[in-house]
Amino acid sequence: MIASALALLLMQVGPAPTSTTFPDIPDETRERARQTHAENAPATAHAASGKLAECVTMAAEDAEAASDMAQKWRETAETQLELAQSAHCLGLALVRLDDFEGAQQAFDLAAGEVPDGAPAYQARLSAMSGNAAMAQGKPAIGELAFGRAVSYAAEAGDTVLSASVSVDRARALVALGRNDEAAKALAEARTSDPANARAWLLSATLSRRLERLGEAQEQIAQAATLAPQDPAVGLEAGVIAALSGREEEARRSFDSVLLVAPESDEATRARAYLEQLKP
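Residues numbered from 1 in each chain as written. Predicted model: local features only at pLDDT ≥ 70, side-chain atom pairs only at ≥ 80, totals over all residues. Heavy atoms only, no water.

1. Thoughts on the pattern of salt bridges
Keep this limit in mind: Salt bridges are counted wherever a side-chain nitrogen of Lys or Arg sits within 4 Å of a carboxyl oxygen of Asp or Glu. Numbering of helices and strands runs from the N terminus; a helix is a DSSP stretch of H or I covering at least four residues, while a strand is a stretch of E covering at least two. Burial classes: relative accessible area under 20% of the type maximum marks a residue as buried, over 50% as exposed, and values in between as partly exposed (1.4 Å probe, protein chains only).
This model, assessed by the stated rule, comprises 10 salt bridges. The salt bridge partner of Arg171 is Asp168, with a shortest N-O separation of 3.0 Å. With Arg171 and Asp168 both in helix 9 (residues 159-175) and 3 residues apart, the pair spans about one turn of that helix. On the accessibility criterion, Asp168 (1% relative accessible area) is buried. With a closest N to O distance of 2.8 Å, Arg178 and Glu181 form a salt bridge. Salt bridges here are not isolated pairs; linked through shared partners, they connect Asp168, Arg171 and Arg198.

Following this line, the structure appears as structure tokens:
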């Protein structure tokens, strides 16, 4: 019975090296785009200007009004930085309006308008462009944008930012079936920021899908150390354990998901896997 249950589990979660998404982790696409833009909008000194801060707030409450504000701002911008910020503002508004193609173009425009000496800001804007492309189902365009973001982050010497954009680039590379490059990008992310739990989690997922279960186990263990309450980490740990033949450990991991996030999508999957693992 255990063997047949594991066979069913294997069919559901891998291996599938050419899959366009990481399995068992919510497909990020649009939600990832919104999350990234919300995180990055105030994350740079250049984003601290009153108008951009106002736009961030307005975009969350009234995206149409924020779009109008951005257009008017561009007409009255007095500096190169203001031009970049007005395009940034427009991109934020368009994300809220689900116009990801327009948002991508706005973020590209903003990144090109950033004055010299602000590569970290350019990295964040390029990452926003990449996530907007991913939300459109255009990983090839996203990968190019993330590649630019990686270069800008390296120029800025910001290792935490470098890790974040390298993880996003890895997502695009997986979607393109370029798994070895994705693994390299994730390794670079882990080196740049060893505390980036997401880098370790996605590394474990990719290693598992490539049937490198030993590496996957080491990587998910590190992710669990960094993010012990993350249900995605618990779910992936259970999948790796199950596929490695450690059924009791798998059950404990799936049970932990039900404990920390009983209403989550990960919990729904964990319940299904526990049913399969019943003796």
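After that view, the rundown keeps rolling.
2. Some words on helix 8 (residues 139-156)
Counting along an α-helix, one turn takes 3.6 residues, and residues three or four places apart therefore face a common direction. As a reminder of what qualifies: Here a helix's expected span is defined as the number of its residues, less one, multiplied by 1.5 Å. Taking the helix axis as origin, the arc is that swept by the directions to the C-beta atoms. Residues count as neighbours in contact if any of their non-hydrogen atoms are within 4.5 Å of one another.
An ideal rise of 1.5 Å per residue puts 26 Å on 18 residues; helix 8 measures up with 25 Å between its terminal C-alpha atoms. Residues of helix 8 that are buried include every one of Pro139, Gly142, Glu143, Ala145, Phe146, Ala149 and Ala153, and no others. Along the axis of helix 8, the buried residues cluster in a sector spanning 165 degrees; they form a single face. Residues Leu144, Ala154 and Glu155 are exposed on helix 8 and point more than 90 degrees away from its buried face. Residues of helix 8 that are buried make contact with helix 7 (119-135) and helix 9.

3. Examining the nonpolar core
Defined as follows: Take the buried residues of types Ala, Val, Leu, Ile, Met, Phe, Trp, Tyr and Cys, join any two whose side-chain atoms come within 4.5 Å, and each joined set is a nonpolar core.
Phe107 and Leu125 are the most contacted members of the largest nonpolar core, which totals 28 residues. Listing elements by their share of this core, those giving two or more residues are helix 3 (50-61), helix 4 (63-76), helix 5 (80-96), helix 6 (100-113) and helix 7. Element by element, the count of residues in this core is highest for helix 5, at 8 residues. Ignoring any residue separated from it by four or fewer positions in sequence, one finds Leu125 in contact with His88, Phe107, Ala110, Ala111 and Val114. In this structure, Ala163, Ala185, Leu202 and Leu210 belong to the second largest nonpolar core, which totals 13 residues.

4. Comments concerning the state of the cysteines
Keep this limit in mind: Cysteine sulfurs are considered disulfide-paired once they come within 2.5 Å of each other.
Scanning all chains against the criterion turns up 1 disulfide. Between Cys55 and Cys89 runs a disulfide, and the two sulfur atoms are separated by 2.1 Å. One disulfide, between Cys55 and Cys89, carries an S-S torsion of 95 degrees and so falls in the right-handed class. Here Cys55 is found in helix 3, whereas its partner Cys89 is found in helix 5, with 34 residues between them in sequence.

Fair warning: the whole summary comes from geometry, so function is off the table for now.
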